[in-house]
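Summary of the model geometry
As a plain string of letters, each chain reads:
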Amino acid sequence: MTQYEQAAIVANFLAERLEVMPAVWVVLGSGLGAFADTLNSAQRFAYTDLPHFPPATVAGHGGAVIVGQCQSVTVGVMQGRFHYYEGYELDQVTLPIRVAKLLGGVRPCRPRGNRLIVTNAAGGLNPNFTAGDLMLITDHINLLGANPLRGIHDERFGARFPDLTAAYDPDYRRIALESADQLGLTLQQGIYVAVAGPTYETPAETRMLQAIAADAVGMSTVPEVIVARQMGMRVLGISCITNLAAGIANHPLSHQDVLATGQRASSQLIALLQHILPRLCEADPMV
Ligand code: HPA
């Protein structure tokens, strides 16, 4: 079965059950899941209950699609994602984004949910960053060694050779910066580089990533943004700098520290998302 057919089945499954359709989708990265708990009137679908969603590789961390209200906005949240380092194919990693897009076409009504906010935990490469900072993603570098669009082209998704000039929507970035300003939050800006992982970098790799002008390094997001842009979704990306990349700080990295810093920064991320979401929808009410 093609990825399109799988995504269409999941989209129909959700459409039959959802009371309201999302206007915006949010992918929550490692340690950043708390935003989903702030939604009102939420409907929850465990990934394990969705057809064609890949099986979880870690027991108890299966993730869920949650659709609920953030003030006046209906938001669809992907709480947890599938990573390339877990052994999934990129068709599996990007299935939730394909579903989000197709869901908007199931019922011939607005909203179409054509907006995507991706969040992640990332290591800081820029010496001006500190652990706990939020970073607006201005662009990305794909060092995964793979591209989700490799393979047979399905033109129902969009172009064979999608343009990534403005992958991270300039209007959305402006709105995010204005929101941070109004909230009195520091929002760094920079380039996110995706590596395959699951090891953290060696100090030599950290220096190489700094030399290619990356500001933050992580193991996700880029495949999702590539397919979202192929399908014409408008994208906003926010990294939580959970640690300084290996070799910058003089102590070893641990996933526990990454998760703990993510959880501490979560409240800032929640405040920012709550401010941004209605403004994204006002910026382009028809999307
Ligand atoms: N490197 C790669 N991925 C990460 C890091 C890091 O330092 N922190 C969180 N995700």
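Before reading on, note that the structure itself is shown above.
All of the points below concern the structure found in this document. (Residues numbered from 1 in each chain as written. Predicted model: local features only at pLDDT ≥ 70, side-chain atom pairs only at ≥ 80, totals over all residues. Heavy atoms only, no water.)

With their axes 8 Å apart at the nearest point, helix 1 (residues 3-17) and helix 3 (residues 95-106) run at an angle of 60 degrees to one another. The orientation of helix 1 relative to helix 3 falls into the category oblique. Judged by the sense of rotation from one axis to the other, the crossing of helix 1 with helix 3 is right-handed. Residues Q3, Y4, Q6, A7, A8, V10, A11, N12, L14 and A15 of helix 1 touch helix 3, and the partners they reach there are L95, R98, V99, L102, L103 and V106. (Axes fitted to C-alpha atoms, helices over the stretch in contact; angles between N-to-C directions. Helix = DSSP H or I, 4+ residues; strand = E, 2+ residues; numbered from the N terminus. Parallel < 35°, antiparallel > 145°, perpendicular 65-115°, else oblique. Left-handed = near helix turned anticlockwise from the far one by under 90°. Contact = heavy atoms within 4.5 Å.)

Under the definition given, this model contains zero disulfides. C70 forms no disulfide, and the closest cysteine sulfur to it belongs to C281, at a distance of 9.4 Å. For C70, a relative accessible area of 3% corresponds to the buried category. (Disulfide = S-S within 2.5 Å. Buried < 20%, exposed > 50% of the residue type's maximum accessible area, 1.4 Å probe, protein only.)

Evaluation of the coordinates by the stated rule reveals seven salt bridges. Across the pair R174 and D171 runs a salt bridge, and its minimum N-O distance is 3.9 Å. Pair noted here: R174 and D171 are both in helix 4 (residues 170-183), with a separation of three residues, about one helical turn. For R174, the salt bridge identified is with E178, shortest N-O distance 3.4 Å. Linking R174 with E178, this pair stays in helix 4, spanning four residues, or about one helical turn. R174 sits in the partly exposed class, given a relative accessible area of 41%. Through salt bridges that share partners, D169, D171, R174, E178 and R234 make up one connected network. (Salt bridge = Lys/Arg side-chain N within 4 Å of Asp/Glu carboxyl O.)

As enumerated under the stated definition, the model contains five aromatic pairs in all. With a centroid separation of 5.9 Å and 70 degrees between ring planes, the pair formed by F53 and F82 is classed as edge-to-face. Of the two residues, F53 is situated in the loop between strand 2 (40-46) and strand 3 (64-70) and F82 in the loop between strand 4 (73-79) and helix 2 (90-93); the sequence distance between them amounts to 29 residues. On the accessibility criterion, F82 (4% relative accessible area) is buried. (Phe/Tyr/Trp six-rings, centres within 6.5 Å; stacked < 30°, edge-to-face > 60°.)

Before going further, it helps to spend a moment on the side chain of T261. Inspection of the secondary structure puts T261 in helix 7 (residues 255-283). For T261, a relative accessible area of 9% puts it in the buried group. The contact partners of T261, leaving out residues within four places of it in the chain, are A131, G132, I241 and T242.

With that settled, consider the site of the ligand. Around the ligand, the surrounding shell consists of A121, A122, G123, Y200, E201, V217, G218, M219, T242, N243, L253 and V258. A distance of 3.4 Å is found between a nitrogen atom of the ligand and a backbone nitrogen or oxygen belonging to A121. G123 places a polar main-chain atom, nitrogen or oxygen, 3.4 Å from a nitrogen atom of the ligand. In the complex, 95% of the free accessible area of the ligand, which totals 260 Å², lies under the protein chains. Where the shell around the ligand is concerned, the elements lending two or more residues are strand 5 (115-124), strand 8 (216-218) and strand 9 (234-244). Of the residues forming the shell around the ligand, the biggest block, three residues, is contributed by strand 5. Classifying every residue of the shell around the ligand by side-chain character gives seven nonpolar, four polar and one charged. (Near = heavy atom within 4 Å. Polar contact = N/O pair within 3.5 Å; in protein donor to acceptor, adjacent residues only side chain to side chain. Areas by Shrake-Rupley, 256 points an atom, 1.4 Å probe, with all protein chains shown as cover. Nonpolar A, V, L, I, M, F, W, Y, C, P; charged D, E, K, R; others polar.)

What follows covers the layout of surface pockets. Taken as a whole, the second largest pocket encloses approximately 250 Å³ of empty space. Taken together, 15 residues form the lining of the second largest pocket, with Q3, D91, I152, D154 and F157 sitting closest to its centre. Per-class residue counts for the lining of the second largest pocket are five nonpolar, five polar and five charged. (1 Å grid on protein atoms, 1.4 Å probe; cavity = no way out; pocket = protein on both sides within 12 Å on 5 of 7 lines; lining within 4 Å. Points joined across faces, edges and corners; volume = space filled by probe spheres on them.)

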